[in-house]
Amino acid sequence: MTTRPVALVVVNFGTPRLVADLLASLTAHDDQHLVAEVLLVDSGFPTRGDLRTSIAPDGWPFPVRFLQQTGTAYGAALTLGVHASTAPFVALANSDLLWPPGAVLEPLIAALERDTTSAAAGPQQVFPAGRWQRSFGPFPSVLEGLGSVFLLEAATNALRARRMRRDAAPRPVPYLDGAFLVVRRAHFLRVKGFDPAFDYYAEDADLGWRFASEGWHCLFVPAARIQHLRGAETTAVSEASYLRRLYAAKRRFVARHRGPWSGRAYGVLQRIHGVTQALVYSAVALLARSPRWRVRAASARTALRALWRGPT
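Quick caveat, the model's predicted, so the values are computed rather than measured.

Participant: Looking at this structure, I do not really get the overall build of the protein. What am I missing?
Facilitator: Looking only at helices and strands, one finds 10 helices and 11 strands in the protein. Computed over its C-alpha atoms, the radius of gyration of the protein comes to 19 Å, within 12% of the 20 Å expected for a compact globule of 312 residues. Counting over 312 residues, the protein shows a buried share of 53%. Counting only contacts in the protein whose residues sit at least 6 apart along the sequence, the fraction spanning at least 24 positions is 81%. Of the roughly 14100 Å² that the protein leaves accessible, carbon and sulfur atoms contribute 59%.

Rendered as structure tokens:
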């Protein structure tokens, strides 16, 4: 392994303080010795900010460069950064991440070097308090949507959270959550990066699909952990607007890769799932009288309204 085999691309969407915190946490971590350079991409430049006015390029243990894109698509910003990088591996990151104590980059790079058929590797994401966070998923499909109607995804996630401390061995997964993953630069460029048709959300699932179409797979590496605040780059819009865009992106993914009929069927299943989830979560919140469940029930009702109002 070369001394510094990784370039880090971080997308800024009006969150300069978070970017500064991310860089500070990396500077205090052993992973700094693996980072060849950091590329900071201002998405929605200049209306969403210019990091050159708040972050100095010097004084870091790695070179820092600034890039700008006038559009606001997250995937397009990451693709711009990968094109500008030169390291064989590129870590793609939201701004709302922190390097916690323990291993992050080293096990991801090691897993990619051991498995020559892999195109990307991702860590176990955790909330600031250390709680489990969803870090990969199945490709959206009619079958996956049917499972959601019966809340199978929620049950599966609960089981994964319980076994997080025992989870260790890398394993292939359909796609990795786009908040943080490491890609082979050559493989990423071979599939032309993120598809601009997915301007926000589902771009990570689409990337995993196109990796798979080339015969490569994505690796989930639970030994690697990264702290993810989650949602910091979507707080500029309402929760309902965010959910409408997310649901629409998943329908677009299914229609593109499974066919128009499947896309329409998936939309119906999304609505049924919304009703089921809102009813079940509201009932549990009423019985449990738990603040956490009240928040979940309120979010489920917001999701239901977003589904029935449709995309905006």
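Read on, since the account is not over.
Participant: Sorry if this is basic, but what is going on with the packing of helix α8 (residues 239-258) against helix α9 (residues 260-288) here?
Facilitator: When two helices pack together, their arrangement is captured by the angle between the axes and the distance separating the axes. Packing of α8 against α9 brings their axes to within 6 Å, and their N-to-C directions diverge by 150°. Here α9 runs roughly antiparallel to α8, going by the angle between their axes. The interaxial crossing formed by α8 with α9 has right-handed handedness. Each of Y247, K250, R251, V254, A255 and R258 in α8 lies in contact with α9, whose residues at this interface are P260, S262, G263, Y266, G267 and Q270. When grouped by side-chain class, the residues that make up the contact of α8 with α9 number five nonpolar, four polar and three charged.

Participant: What is the right way to look at the packing of aromatic side chains in this model?
Facilitator: Where two aromatic rings form a pair, the distance of their centres and the angle of their planes describe that pair. One pass over the structure, following the stated rule, counts 11 aromatic pairs. Pairing W60 with F62 gives two aromatic rings, centres 6.4 Å apart and planes at 5°, and the pair type is stacked. By relative accessible area, which is 25% here, W60 ends up partly exposed. Positioned above the aromatic ring of F13, the side-chain terminus of R48 is 4.4 Å from the ring centre. We note R296 situated over the ring of W293; from NZ or CZ to the ring centre the distance is 4.6 Å.

Participant: Where do I start with the packing of helix α4 (residues 142-149) against α9 in this structure?
Facilitator: Running from N to C, α4 and α9 point in directions that differ by 15°, and their axes come no closer than 8 Å. With respect to each other, α4 and α9 are oriented roughly parallel. Seen from above, α4 lies across α9 with left-handed handedness. Contacts between α4 and α9 involve V142, E144, G145, L146, S148 and V149 from the former and S262, A265, Y266, L269, I272, H273 and T276 from the latter. A per-class count over the contact of α4 with α9 returns seven nonpolar, five polar and one charged.

Participant: Hey, could you run me through the environment of F13 in this one?
Facilitator: With respect to the element layout, F13 can be found in the loop between β1 (6-12) and α1 (16-27). Look at F13 and you get buried, because its relative accessible area is 13%. Considering only alpha carbons, one finds F13 and V64, 51 residues apart in sequence, at a separation of 17 Å.

Participant: Before we go on, may I ask you to explain the nonpolar core in this structure?
Facilitator: When a protein is soluble and globular, its nonpolar side chains tend to lie buried together. Among the nonpolar cores identified, the biggest contains 40 residues, and L92, L176, F188 and F211 are the most heavily contacted of them. Looking at this core, the element that brings in the most residues is helix α2 (residues 74-84), giving four residues. If we skip the residues at most four places from it in the chain, F211 touches A119, A120, H187, F188, V191, W216 and C218. With 34 residues, the next largest nonpolar core counts L34, L40, F89 and A111 among its residues.

Participant: Got a minute to help me understand helix α7 (residues 203-213) in this structure?
Facilitator: Side chains that are three or four residues apart share a direction in an α-helix, a result of its 3.6 residues per turn. Counting buried residues along α7, eight of its 11 residues qualify, which places the element largely inside the surrounding structure. Among all positions in α7, only E203, D204, A205, D206, L207, G208, R210 and F211 are buried. Trailing α7 by a residue or two, G215 shows a phi angle of about 90°, which is positive.

Participant: Can you help me understand a nonpolar patch on the surface in this one?
Facilitator: Together, L143, L146, F150 and L152 line one region of the surface with nonpolar side chains, adding up to about 460 Å² of accessible area. Relative to the assigned elements, L146 resides in helix α4. When its relative accessible area of 39% is taken as the criterion, L146 is described as partly exposed.

Participant: Got a minute to help me understand the pairing of strand β2 (residues 35-43) in this structure?
Facilitator: Every other side chain in a regular strand lies on the same face of the sheet, so the side chains alternate between the two faces. For β2, a buried count of eight out of nine residues is recorded, marking the element as mostly surrounded by other parts of the structure. Sheet topology places β1 next to β2; seven bridges connect them, and they run parallel. Note on β2: the bridge partner recorded for A7 is E37. The pairing of β2 with strand β3 (residues 64-69) spans six bridges and is classified as parallel. Within β3, the position partnered with V38 by the bridge is V64.

Participant: What am I meant to see in the pattern of salt bridges here?
Facilitator: Any two side chains of opposite charge can pair, given that their charged atoms come close. Counted according to the given criterion, the structure contains eight salt bridges. Between R65 and E37 there is a salt bridge; the shortest N-O distance is 3.0 Å. A residue pair is termed long-range when its members are at least 10 positions apart, and R65 in strand β3 and E37 in strand β2 qualify at 28 residues. For R65, a relative accessible area of 34% corresponds to the partly exposed category. The class for E37 is buried, based on a relative accessible area of 9%. The residue D195 makes a salt bridge to R256 at a minimum N-O spacing of 2.3 Å. Taken together, the residues span a long stretch of sequence, with D195 in the loop between α6 (185-190) and α7 and R256 in helix α8 at a distance of 61 residues.

What counts and what doesn't
- Residues numbered from 1 in each chain as written.
- Predicted model: local features only at pLDDT ≥ 70, side-chain atom pairs only at ≥ 80, totals over all residues.
- Heavy atoms only, no water.
- Helix = DSSP H or I, 4+ residues; strand = E, 2+ residues; numbered from the N terminus.
- Rg over C-alpha atoms; globule rule 2.2 N^0.38 Å.
- Buried < 20%, exposed > 50% of the residue type's maximum accessible area, 1.4 Å probe, protein only.
- Contact = heavy atoms within 4.5 Å.
- Areas by Shrake-Rupley, 256 points an atom, 1.4 Å probe, with all protein chains shown as cover.
- Axes fitted to C-alpha atoms, helices over the stretch in contact; angles between N-to-C directions.
- Parallel < 35°, antiparallel > 145°, perpendicular 65-115°, else oblique.
- Left-handed = near helix turned anticlockwise from the far one by under 90°.
- Nonpolar A, V, L, I, M, F, W, Y, C, P; charged D, E, K, R; others polar.
- Phe/Tyr/Trp six-rings, centres within 6.5 Å; stacked < 30°, edge-to-face > 60°.
- Lys NZ or Arg CZ within 6 Å of the ring centre and 35° of its normal.
- Core = buried A, V, L, I, M, F, W, Y, C linked by side-chain atoms within 4.5 Å.
- Patch = residues over 30% accessible without salt bridge, like charges linked within 9 Å, V, L, I, M, F, W, Y side chains within 5 Å.
- Salt bridge = Lys/Arg side-chain N within 4 Å of Asp/Glu carboxyl O.
- Pairing = 2+ DSSP bridges.

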